[in-house]
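# Examination of the molecular architecture
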Amino acid sequence: MRLCINIDHIATLRQARGGSVPDPIEGARICENAGADGIVCHLREDRRHINDRDVRLLRKTVTTKLDLEMAATDEIIRIALVVVPELVTLVPEKRMELTTEGGLDVVAQRPSLTEAIRKFHDKGILVSLFVDPENDQVEASREVGADMVEIHTGDYANAAIPAEVHSMLRNVEAIAALGKKLGMGVNAGHGLDYVNVRPVANISAIDEMSIGHSIISRAVMVGLNQAVKEMIAAVATSVPYR
Ligand code: PXP
C-alpha cells in the first residue's frame, strides 16, 4: 500500500506568521527522503495554506508523484493544466470549512465532471474523485471517466463506538472492492492517524492512502523524517479490525 503525504499544514504553520518558514517545499523533500510514495497538496481557492508559488515549485522538485487536490473551478483547473501534476484529486470546497467536509456529489455533477476530466486527460493527467463511501458515487465516478476514487474515511475516523467503527470499516472495504471491480484505482484518506490507519491498510483493494494532519502534528514533536517513518511502519503493520 502506497503512502502519500499531504503537506498542507506545513504551509498552515507558515501562514500563521505570513513569512517563509516552514517551507512546504523543504517538507516535501524530507517526506520523500523518508520513504513517502507521493506528495499531496490542496490549492484552495482562498489560498489559506498552499499557494501558487508552492505548487509551481513542488512541480519542479517532487520526484515521486505530485497529487494536486483541488476544487473543479475554472481558475484552479487552469492552473492545474499548466502545472501538470501526475494526479489531480477533485474535492468539494466550502469557504468556511476547517477541512474538506464531505465527498464530491459526482451523481449530481456528471456533466461538469465529465468535461473537467476530459481536459485533464487531454494533458495526460490522471484524475481521482474524492467520494463518500457510497455505491452510487463510485459508480458515477466510473461513468464520468475517473481513473480512481479516493474514499472519504472521515466518518470511519470519527466513529467512537466499536460496532460503529466496525461497520464503517466494512463499508469502506466493500466500496473499495466495488471501485476495483469497476476497473478504477482506489485511494483512501481523511482523518487517518497512527492507530486507525492500520485496519484501513489491511484492506487489499486500497492502493494508496493520503494522510496529512496526523503526520504533520507528530512532526512538531519528533521531526518530519521520524513522523513519516513512523507512519510507514504503522501502514506496514496493518491489522484486520477485531
Ligand atoms: N484526502 C483529501 C481529499 C483531503 O481533503 C484531505 C485533507 O486535506 C486528506 C486526504 C488528508 O486528511 P488528513 O489531513 O485528515 O490526514
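A brief look at the structure comes next. (Residues numbered from 1 in each chain as written. Predicted model: local features only at pLDDT ≥ 70, side-chain atom pairs only at ≥ 80, totals over all residues. Heavy atoms only, no water.)

Together, Val-220, Met-221 and Val-222 line one region of the surface with nonpolar side chains, adding up to about 300 Å² of accessible area. The exposed category is assigned to Val-220, whose relative accessible area is 58%. (Patch = residues over 30% accessible without salt bridge, like charges linked within 9 Å, V, L, I, M, F, W, Y side chains within 5 Å. Areas by Shrake-Rupley, 256 points an atom, 1.4 Å probe, with all protein chains shown as cover. Salt bridge = Lys/Arg side-chain N within 4 Å of Asp/Glu carboxyl O. Buried < 20%, exposed > 50% of the residue type's maximum accessible area, 1.4 Å probe, protein only.)

We now examine the environment of Val-127. By the secondary structure assignment, Val-127 is in strand β5 (residues 126-131). Linking Val-127 and Val-149, residues 22 residues apart in sequence, is a C-alpha distance of 8.3 Å. The residues contacting Val-127, other than those within four sequence positions of it, are Leu-87, Val-88, Leu-90, Ile-117, Phe-120, His-121, Ala-146, Asp-147 and Met-148. (Helix = DSSP H or I, 4+ residues; strand = E, 2+ residues; numbered from the N terminus. Contact = heavy atoms within 4.5 Å.)

As for its position among the elements, Ile-175 is in helix α8 (residues 162-181). For Ile-175, a relative accessible area of 2% translates into the label buried. Leaving out residues up to four positions away in the same chain, Ile-175 has contacts with Pro-133, Glu-134, Asn-135, Val-138 and Ile-151.

Between helix α6 (residues 135-143) and α8, the shortest axis-to-axis distance is 10 Å and the interhelical angle comes to 20°. Of the possible angle classes, the one that applies to α6 and α8 is roughly parallel. The chirality of how α6 crosses α8 is right-handed. For the pair α6 and α8, the contacting residues are Asn-135, Val-138 and Glu-139 in the first and Ile-175, Leu-178 and Gly-179 in the second. The class makeup of the residues in the contact of α6 with α8 is three nonpolar, two polar and one charged. (Axes fitted to C-alpha atoms, helices over the stretch in contact; angles between N-to-C directions. Parallel < 35°, antiparallel > 145°, perpendicular 65-115°, else oblique. Left-handed = near helix turned anticlockwise from the far one by under 90°. Nonpolar A, V, L, I, M, F, W, Y, C, P; charged D, E, K, R; others polar.)

Opposite charge on two side chains permits them to pair, given that their charged atoms come into close proximity. Taken as a whole and assessed by the stated rule, the structure comprises 15 salt bridges. For Arg-47, the salt bridge identified is with Glu-75, shortest N-O distance 2.7 Å. With Arg-47 in the loop between β2 (38-42) and α3 (52-61) and Glu-75 in helix α4 (residues 74-83), the pair connects residues that are 28 residues apart, well separated along the chain.

So, about the pairing of strand β1 (residues 2-6). Of all five residues in β1, four are buried, a share of seventy percent or more. Two elements, β1 and strand β8 (residues 208-211), share four bridges in a ladder whose sense is parallel. What sits directly across from Ile-5, in β8, is Ile-211. (Pairing = 2+ DSSP bridges.)

Surrounding the ligand, one finds 14 residues, the nearest of these being Glu-69, Thr-100, Glu-150, Gly-191 and Gly-212. At 3.4 Å from an oxygen atom of the ligand is found a side-chain nitrogen or oxygen belonging to Asn-6. When isolated, the ligand has an accessible area of 400 Å², and the protein chains bury 94% of it. In terms of residue class, the shell around the ligand is made up of three nonpolar, eight polar and three charged. (Near = heavy atom within 4 Å. Polar contact = N/O pair within 3.5 Å; in protein donor to acceptor, adjacent residues only side chain to side chain.)

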